[in-house]
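Chain residues, written in single-letter form:
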Amino acid sequence: MLSIMLLGAVSFLLALASTPLIRTWSERAGLVDHPDGNRKIHSRPVSRVGGIAILLAILGACLVLLASQLDGGEIIRSWAPSMLRLLPAVVVMFATGLIDDIYGLKPWQKLLGQLAAVGLAVTLGGVMISGVRGYSLPVWFSYGVTMVWLIGCTNAVCPCPPIAQISS
């Protein structure tokens, strides 16, 4: 329990500290998204590379937990080989999102990058949904379910318009 609390607190504090730094850097570098009154409804330009702060917070929190004497650090140490096998998939997924944020990929290009990342997670990392509620899935179906689930979770943010616009 203490490990989870430390992980949550450190990731929160790192995200809290790094987000303004990333925002300032992205504004200076021109990596901002400008409102257009249509799909982009924010009132002022916002950073397009906030995922960097999230990744830094996750990695930093895991490193702090790893350096601790808590049980969570031992769990991370024991999972290190599996985590390293997933690293290529994480890098491809992060790079795809970052390139999309900076340059704006076409949907098929973004999907291609995400499919490559999921393929790496399945082949190198051994990630596979092999059953649901105790029922085994055929291997061919497991691949499809795994890809749909991982890509669906990756794209789960809904760019919905504000409620005031929905009801009018």
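Residues numbered from 1 in each chain as written. Predicted model: local features only at pLDDT ≥ 70, side-chain atom pairs only at ≥ 80, totals over all residues. Heavy atoms only, no water.

A. Here's a closer look at helix α1 (residues 2-29). For α1, spanning 28 residues, the distance from its first C-alpha to its last is 39 Å, which sits close to the expected 40 Å at 1.5 Å a residue. Of all bends in α1, the biggest is about 30 degrees, found at Ser18, and the proline Pro20 comes one to four residues later. Of all the positions in α1, only Ser3, Val10, Ser18, Ile22 and Ser26 are classed as buried. In this structure, the buried side of α1 is in contact with β1 (32-33), β2 (46-47), α2 (51-67) and α3 (71-103). Where α1 terminates, the next one or two residues include Gly30, which has phi positive at roughly 75 degrees. (Helix = DSSP H or I, 4+ residues; strand = E, 2+ residues; numbered from the N terminus. Expected span 1.5 Å × (residues − 1). Bend = angle between axes of the 7 residues up to and from the residue. Buried < 20%, exposed > 50% of the residue type's maximum accessible area, 1.4 Å probe, protein only. Contact = heavy atoms within 4.5 Å.)

B. Region of interest: the packing of aromatic side chains. Per the counting criterion, the structure on display carries 1 aromatic pair. Taking the centre distance of 5.5 Å and the plane angle of 70 degrees together, the rings of Trp140 and Phe141 count as edge-to-face. Judged by relative accessible area, which is 65%, Trp140 ranks as exposed. You can call Phe141 partly exposed: its relative accessible area is 37%. (Phe/Tyr/Trp six-rings, centres within 6.5 Å; stacked < 30°, edge-to-face > 60°.)

C. Molecular detail of the environment of Ser47. Tracing the backbone through its elements, the reader meets Ser47 in strand β2. Judged by relative accessible area, Ser47 falls into the partly exposed class, the value being 23%. In this structure the C-alpha to C-alpha distance between Ser47 and Leu105, which are 58 residues apart in sequence, comes to 17 Å. Excluding residues within four positions of it along the chain, Ser47 makes contact with Ile22, Arg23, Ser26, Leu31 and Val32. Reaching out from Ser47, the side chain makes a polar contact with the side chain of Ser26 at a distance of 2.8 Å. Reaching out from Ser47, the side chain makes a polar contact with the backbone nitrogen of Val49 at a distance of 3.2 Å. (Polar contact = N/O pair within 3.5 Å; in protein donor to acceptor, adjacent residues only side chain to side chain.)

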